[in-house]
Every structure is written in C-alpha cells, then in structure tokens.
Amino acid sequence: MQKSEALFSRAQKTIPGGVNSPVRAFKAVGGTPRFITKADGPYMWDADGKRYIDYVLSWGPMVLGHNNDKIREAVIEAAGSGLSFGAPTEAEILMAEKVIEMVPSMEMVRMVNSGTEATMSSIRIARGYTGRNKIVKFEGCYHGHADSLLVKAGSGALTMGVPSSPGVPAEVAQHTLTVEFNNLESVEAVFREHGDDIACIIVEPVAGNMNCIPPVEGFLEGLRAICDHHGTVLIFDEVMTGFRVSRGGAQERYGVTPDITCLGKVIGGGMPVGAFGGKRDIITHVSPTGPVYQAGTLSGNPVAMAAGIAALSQLQQDGLYEGIYRSTEQLVEGMQALADKHGVPMTTNHAGSMFGLFFTDVEKVVNYQQAINCNTEQFKQFYHGMLNEGVYLAPASYEAGFVSSQHDSAVIEETLHAADKVLAAL
Ligand code: PMP
C-alpha cells in the first residue's frame, strides 16, 4: 500500500481531501484509498500492483466491464477527428435515436455531461412546464448535487453526515418536500397539503444511494397515479438504474412509465455523459424550442457520444442482461449462505445487476430507517477484510454494488471464497 499512501498524502496538499468526489476518500471505512492505475474486465489494479475484483465499476457505468474493446476503439477513432466542435454532429442524432429506441418513454432527449445536470435540468423543466414551485423527493435518494436536490440526500451526503448541505439557502430548500421511500401514505400526505403547487416527484425507481432498496409492489404505480391526479410531472432518476436493472431501465422492469427520465453513468460507457428526455410536449419547453433555459459547452461531445453509442449498441445483444442477472444472483445468494453459515446477521437486496448487503437482523430492508440502522462497524470490518482479499466494494455502506458482463461465475466464486474467510473472522 506504500504507493497509494504516498499518493494520498501528496493529493491532500492540493485537492480537498485528496479526492475529486468525497466517497473516494474512504472516510466512512477509514484507511487509505487505493489509487488506481488500470482496469480491465472485472478487475482493477492499484498503484502498488494489487489486483481487485471490482464491484464499484466507476459507480455504475462499466456494465460491460472495464476497458471494453469496442468502446475503447470508438473513442480512439472519434478522437482522431477532433475532440470538440461546439456545433451539431451526426453522432448526437445516432445517440438520441439509440436512447429512444431503448427507452421508448423518452420521445425526445437532450445530452448533458453528468447525472447532476440531467436531474437539475429536469426539475427546472418540470417547474417551467407546470408553473409550480415545489418538488417532492425521497429521504435517502440522491439525485446529484444541485441545490434543490441536496435536501435529505443519500450517497456521499449521507455518508459524510450532511444529507442537507450548508450553502443551500433555506429559501431554496423550503421548496423541496421530502417523504419516505416505499411509503405512499407519506406522499399522499404532502399532496393533501401542497398538491396544487407540486411541479414534480423525482424518484430513484430502485434506490441505490441508501444501499440498494427496490420499490415495494405498487409503490411506483402509486406515484404514477398521484402525479396523474394532481397534474404533477413524474421524473424517474434512472442515472443509476438506466441500462442496468434492465435494458430499458427500471421503467421497463417494473412497467411504470414516467414523464421525464434522467440518465447518466452507463449511457456514456465511461465518458462524462448524462441525458434527460421524456414526453415531447414537456421536453420541448427547453431552449431553443421553449423558454426554459439549459445549455452546455461540451454537451453531446463527439468522443463521449462515440463511447456511449458503442456501449449502448453492445447492450442490445441477446442474452447479455440475463447473464449479468445470473451472476448477481449467484453473488447475493452465495453471500447470504455464507453469512448464515457463519452466524453473521446479514440480508441482501438486488434488482437486475444492482445489489446491496445489509448487516442487520431485519429480514428484508425496504426503507431508509432500516438502511441507516445497519451495523456500520461490522460493515467496516467486512469491507477491509474483502479489500485485503482483493475484492473492491464501495467504501461506504450506503452505496449499491454493481456487477458487469465480465463477472463470470468463476469471478463470483473467487469473490465468495474471499467472503467465506472474511465472514468467518467477523
Ligand atoms: N442520480 C443518481 C440516482 C445517482 O446515483 C447519481 C450519482 N451517483 C446522480 C444522480 C448524479 O450523477 P453525477 O455524479 O454524474 O452527477
């Protein structure tokens, strides 16, 4: 670990916390973040040459595994023609056509550079379209770091103990109404009071920023019905779930159609890409067809589009998702069996190729309170044990894990072999 330690102390001199995104600093689990030098397939290597089986996958994007040949070649080819033009290209049309083909509720789509931009722009459009001010989000859901969305947020905000961030004026935060995930009653209660002024509900259809919590039966359908009743825009933040919990995202998996969809992560194949889209009459409110302003110097960047198109094209292969789901099931079922064998109170959740491990007595975790009541000390020990054995999990207990098409059954077996040793020692 010597090289990672030296790099970490050097990084802290010029970069706040030594990292460009907080959870990378290992604050929740303690110890030294591993500085990564390369990644391939299901593996990453750190600066000291140690190999890890990676279940973070760049926080979701690498559903085809690291260093995918076709994505890499597409990027190199596009880069040969110039890196950015700030003028329209055919690649942007191809990308839009591909996204719409795979996620049909998106009748029109606009590219941005991150998930944060996708959600921030979507709520602006929802407000512009409805002429209303308030938005409803769920406690423990994370939608990026725009002001209105950093209220009772999950992910790093939760891990760092600042789910509602200083720097967000109270006048802004007052328009964000926060309710309980998987609890329709709590949603109905805020609509009884503020229904006429609620522009949108924004939801992670599978919550992946308070560990992994799938929707209970009827929850997403209930949100759809409430939005229809009140003339409110339903936004699915599928930045994490898009092209991951199924080819067409959570909306395909659960059969509930939002008005606006936000995408990120997988859509860029590892390059910085986000997108939002949805019903034509809503999305055309955006500039230049409508009055709601939204723009981006590097949006639709040709190199990023090439990566995204190469990723999405491969995701259309028959049987690809079924293989990833099988690996995910092998992993969570194996982990559960090992925890039971060693008498460690643990339960798992999964949806498609997203999974979560919870150190708790609760049989099935379905809400935020249960997620944050898990045994973080035990998680930390498990985390470092696994890291030591060469398995790289998210360095915080509030993050979902991810499996790629490169995690074959031998890779999962190797992971379970490591978990057997680590759980035995807990
Ligand atoms: N929405 C969700 C559901 C996310 O998981 C994330 C990032 N983890 C974001 C939005 C923000 O995306 P980005 O980090 O690309 O801004």
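Residues numbered from 1 in each chain as written. Predicted model: local features only at pLDDT ≥ 70, side-chain atom pairs only at ≥ 80, totals over all residues.

Some details on the sheet that holds strand β11 (residues 347-351)
Point 1. Spatial ordering of the open sheet is given by β11-β12-β14, a layout of three strands whose pairing is antiparallel. Edge positions in the open sheet fall to β11 and β14 (401-402), since each of these has one partner strand only.
Point 2. Direction of pairing for strand β12 (residues 354-358) relative to β14: antiparallel, over a ladder of two bridges. In the sheet register, Met354 faces β14, and the bridge partner there is Phe402.
Point 3. Contacting β11 and β12, helix α12 (residues 320-341) crosses the sheet at an angle of about 170° to β11. (Pairing = 2+ DSSP bridges. Helix = DSSP H or I, 4+ residues; strand = E, 2+ residues; numbered from the N terminus. Contact = placed C-beta atoms within 7 Å. Axes fitted to C-alpha atoms, helices over the stretch in contact; angles between N-to-C directions.)

Side note on the packing of helix α7 (residues 184-194) against helix α8 (residues 219-230)
Point 1. Interaxial distance between α7 and α8 falls to 10 Å at its minimum, and their mutual angle equals 15°. In terms of orientation, α7 and α8 fall into the roughly parallel class. As α7 runs across α8, the sense of the crossing is right-handed. Across the interface between the two elements, Leu184, Val187, Glu188 and Phe191 of α7 pack against Phe219, Gly222, Leu223, Ile226 and His230 of α8.
Point 2. Considered class by class, the residues forming the contact of α7 with α8 number six nonpolar, two polar and one charged. (Parallel < 35°, antiparallel > 145°, perpendicular 65-115°, else oblique. Left-handed = near helix turned anticlockwise from the far one by under 90°. Nonpolar A, V, L, I, M, F, W, Y, C, P; charged D, E, K, R; others polar.)

Structural notes on the UniProt feature "modified residue: N6-(pyridoxal phosphate)lysine" (unreviewed entry) in the chain
Point 1. In the UniProt entry, the feature "modified residue: N6-(pyridoxal phosphate)lysine" (unreviewed entry) is given for Lys265.
Point 2. Not counting the four nearest positions on each side in its chain, Lys265 is found in contact with Trp59, Gly60, Pro61, Gly115, Val239 and Met240. (UniProt positions renumbered as here; feature names shortened; annotations may be inferred.)

Describing the site of the ligand
Point 1. Neighbouring residues of the ligand: 17 residues in total, closest Ser114, Gly115, Thr116, Gly144 and Val239.
Point 2. If you tally residues by element for the shell around the ligand, the top one is helix α4 (residues 115-130), at three residues.
Point 3. Considered class by class, the residues forming the shell around the ligand number four nonpolar, eleven polar and two charged. (Near = placed C-beta within 6 Å.)

Some remarks on helix α15 (residues 409-425)
Each α-helix turn comprises 3.6 residues. Residues three or four places apart therefore point the same way.
Point 1. For α15, with 17 residues, the first-to-last C-alpha span of 25 Å sits near the 24 Å given by 1.5 Å per residue.
Point 2. What α15 keeps buried is the set Val411, Ile412, Thr415, Ala419, Val422 and Leu423. The buried residues of α15 all sit within an arc of 100° when viewed along its axis, so they share a single face. Relative to its buried face, α15 has exposed residues pointing more than 90 degrees away, namely Ser409, Ala410 and Ala425.
Point 3. Elements that come into contact with the buried residues of α15 comprise β3 (51-54), α12, α14 (376-388) and β13 (391-392). (Expected span 1.5 Å × (residues − 1). Buried ≥ 20, exposed ≤ 12 C-beta atoms within 10 Å, placed from the backbone. Arc of directions from axis to C-beta.)

Focus on the domain arrangement of the chain
Point 1. Here the domain parsing of the chain yields domain 1 (2-67 + 318-425) and domain 2 (69-315).
Point 2. A straight line from the C-alpha centre of domain 1 to that of domain 2 covers 25 Å.
Point 3. Mapped onto the side of domain 1 that touches domain 2, the elements with two or more residues apiece are α12, β11, β12 and α13 (368-372).
Point 4. For the side of domain 1 that touches domain 2, the element with the highest residue contribution is β12, accounting for four residues.
Point 5. Residue composition of the side of domain 1 that touches domain 2, by class: 21 nonpolar, ten polar and two charged. (Domains from an automatic or database assignment.)

Points about the packing of helix α2 (residues 69-79) against helix α11 (residues 302-315)
Point 1. Following both chains from N to C, one finds α2 and α11 inclined at 155°, their axes separated by 8 Å at the closest point. The orientation of α2 relative to α11 falls into the category roughly antiparallel. The crossing of α2 and α11 is right-handed. Facing α2, whose interface residues are Lys70, Ile71, Ala74, Val75, Glu77, Ala78 and Ala79, α11 presents Pro302, Val303, Ala306, Ala307, Ile309, Ala310, Ala311 and Gln314.

Some points on the environment of Phe382
Point 1. Mapped onto the fold, Phe382 is located in helix α14.
Point 2. The buried category is assigned to Phe382, around which 24 C-beta atoms lie within 10 Å.
Point 3. Those residues in contact with Phe382 that lie beyond four places of it in its chain are Val422 and Leu426.

A closer look at unusual backbone geometry
Point 1. Cis geometry is found at the peptide bond from Ser287 to Pro288, where omega equals 10°.
Point 2. Counting through the fold element by element, Pro288 comes out in the loop between α10 (280-283) and α11.
Point 3. Backbone geometry places Asn67, a non-glycine residue, at a positive phi of 60°.
Point 4. Following the sequence through the fold, Asn67 ends up in the loop between β3 and α2.
Point 5. Phi is positive for Asn182, close to 65°, though the residue is something other than glycine.
Point 6. Mapped onto the elements of the fold, Asn182 is located in the loop between β6 (176-179) and α7.
Point 7. Exposure remark for Asn182: the 20 C-beta atoms within 10 Å place this residue in the buried category.

Some thoughts on the pairing of strand β9 (residues 260-263)
Point 1. Because side chains alternate across β9, one face comprises the buried residues Ile260 and Cys262, and the other comprises Thr261 and Leu263, equally buried.
Point 2. Pairing analysis gives three bridges linking strand β8 (residues 233-237) to β9, with the strands arranged parallel. Among the inter-strand pairings, Asp237 is bridged to a residue of β9, identified as Cys262.
Point 3. A crossover connection joins β8 to the parallel β9 through helix α9 (residues 249-254); in handedness this β-α-β unit is right-handed.
Point 4. For β9 and strand β10 (residues 274-278), the ladder comprises four bridges, and the chain directions are antiparallel. From the neighbouring strand, Leu263 faces β10, where its bridge partner is Ala275. (Right-handed = clockwise from strand over helix to strand, strands pointing away.)

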